[in-house]
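So the chains spell out like this:
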Amino acid sequence: MGVDIRGLNVAIGGRPVVRDVNLSVGDGERVGLIGSSGSGKSMIAKSLLGLLPRGAEASGSAALGGTEAIGAAERTLADLRGRYVGVVFQNPGATLNPVATVMRQVELPLRLHYDLGRDERRDRVMSMLRKVGLDESVAGKYPHELSGGQQQRVGIATALITSPRLIVADEPTTALDSIIQRQIVDLLVSLVDDAGASMLFITHDFSVLARATTRCYVIDDGAVAEEGRTARLLAAPNADATRGLVASARRLTLSAEPMAAEPMTVEQGGAR
Amino acid sequence: MANPSKLANLPRALWRRGSGRYALVVLGLWLAVAAVSLFWTPQPLLATDGYHVWEAPSAAHPLGTDGTGADVLSWLMAGSRTNLVIAALTVVCSGALGLLLVGCMVSRRAGLGSVTVAVVDALISIPTVLIALLLTVPFGASVGVIVGACSIAYGLNLARIARPAAMLAARGDYVASALAGGASGWYAFTRHVVPNIVPVLSVQLTVSAGTSVLAEAGLTYLGVGVGAGVPSWGHSLATSVKFINVFPLTVLWPGLVVTLAVVALNLLGDALNSALAVGGMERREDDGR
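By the naming in an unreviewed UniProt entry, chain A goes by ATP-binding cassette domain-containing protein and is assigned to Bifidobacterium avesanii. UniProt lists a comment for chain A under the heading Subcellular location (unreviewed entry), and it reads "Cell membrane".

Following this line, the structure appears as structure tokens:
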């Protein structure tokens, strides 16, 4: 399912946070949205999903596979969400309901959108859990009994359980350590590619983006600063914002190797 | 957080606390007496004896007799079921009203939330007694009026107290995640917000149950409570309180029962609060070792 955003503006309390953004994601394409914290990249995704916070006003056009999301009825959007669009969130610990088992969380979109029997729902959840590399025994557990990486795998299973045509991943690796980050990105990419779905991947980290996407948009102060193939932007950044993000990614991954792990740990701690 | 495994261990956790144990024993007795009174009381309720009014306790009348010569113990036993019904209905109705209001307050429709907050803040200033008086005009004094007045007053109170916890839960990422999964606002509220505010709700509702016992006594004394001839603790108090200087024992018994029940419900609220608090059960278990 493609995404087509034209002239999108979002303001919160009269203050513009997204300014005249044009963006598209083709069928089966993995596209990134990169920008520093507060640049407005998450707001773009939220307006697409109709999940903007109270007091936010959006204008322009944001179409999901031909359905206009801006100004659409809540019922129309609720039908799209979960069924055609799956969302993976940033902080897996907070995204899972602390009083519901993994089984109940993962099956929620199935319950809401499909009229399936209990056994069939259970079979689908179990097979999804296996796909994301979790043991079936995890189904009966509560979020606090899982590690951060396991929690994010549950988040991915929840987003993908209905085989949606578009995955919106909003900083899915930010709260995880570097080894788990890589595993989660690789898992997400392989699942999205296997399903032939599209993905909108939001992050502030070019090293993660390079693994997850083929094309990306750099967002700075609510507007698109630069766009192009991820590999090209990483090799030859033009805009100031892109240069800053690429430099910080290089500091973290490429030149950090001879400097041992210490500076890396400090940077990651700050990012959480 | 009200973890379900924690809820399953709740009775044991309550029993381990002194206040919880007292509350469970008194509430157990209350339930048992109310059940027994359905089939048996020491004397029939309508049996009066003009020759033995205001009698001191005796073998025939363990707690003495009232101004009509009726057995005080029998009336208190029968009254326990009226008060139990009032407390239970108040918990259910005020809980339902409170949750409905909280649901509107945390709604994603900005206008609905602010209007509900303003309405609750305005209505909460009306005292329970005034609501009861207003309800008595069309409906007459009855159990329904007490339940109605208590439910409205305590429901508004519950909404105001539970709102911060509900707002916190409603803004939580797991609610955003449920909405992203296609859940409606109401579905997310009932399945994701409410289970996460169970500790606040249970404590507040327990206190409401206790206050409803006091309210019944007060309202019946004022003549807007249970109807004449309906046994209740407030009724027993109201008929004897005029003679407190002459026959103090007849006031002591209903007063004692009301006090025991209200203290038990309030202590249950306290015990629930500490048992449901994060780490509450674990801490007590460690203490026990």
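Once that is clear, we can look at the nonpolar core. Residues Leu200 of chain A together with Ile146 of chain B are the most contacted members of the largest nonpolar core, which totals 152 residues. The greatest single-element share of this core, amounting to 15 residues, is contributed by helix 7 (residues 143–170) of chain B. Those residues in contact with Leu200 of chain A that lie beyond four places of it in its chain are Val3, Val25, Val31, Leu33, Ala45, Leu166 and Val168 of chain A.

Now for helix 6 (residues 128–139) of chain B. All names here are of chain B. Taking 1.5 Å per residue, twelve residues should reach 16 Å; helix 6 reaches 16 Å between its end C-alpha atoms and fits that length. Buried within helix 6 we find Thr128, Ala132, Leu135 and Thr136. For helix 6, the angular spread of the buried residues around the axis is 110 degrees, confining them to a single face. Exposed residues lying more than 90 degrees from the buried face of helix 6 are Leu130, Val137 and Pro138. As for helix 6, its buried residues are in contact with helix 7 and helix 10 (198–222). In the stretch just after helix 6, Gly140 is the one whose phi turns positive, near 75 degrees.

Residue-level contacts link 21 residues of chain B with 24 residues of chain A. Here the element with the most residues in the side of chain B that touches chain A is helix 8 (residues 173–180) of chain B; it accounts for seven residues. The residue makeup of the side of chain B that touches chain A, split by class, is eleven nonpolar, eight polar and two charged.

The subject of this paragraph is the environment of Ile161 of chain B. All names here are of chain B. Within the fold, Ile161 resides in helix 7. The spatial distance from the C-alpha of Ile161 to the C-alpha of Thr136 is 28 Å, given a sequence separation of 25 residues. Among residues more than four places away in sequence, those in contact with Ile161 are Val200 and Gln204.

Calculation notes
Residues numbered from 1 in each chain as written. Chains lettered and ligands numbered in written order. Predicted model: local features only at pLDDT ≥ 70, side-chain atom pairs only at ≥ 80, totals over all residues. UniProt positions renumbered as here; feature names shortened; annotations may be inferred. Core = buried A, V, L, I, M, F, W, Y, C linked by C-beta atoms within 7 Å. Buried ≥ 20, exposed ≤ 12 C-beta atoms within 10 Å, placed from the backbone. Helix = DSSP H or I, 4+ residues; strand = E, 2+ residues; numbered from the N terminus. Contact = placed C-beta atoms within 7 Å. Expected span 1.5 Å × (residues − 1). Arc of directions from axis to C-beta. Nonpolar A, V, L, I, M, F, W, Y, C, P; charged D, E, K, R; others polar.

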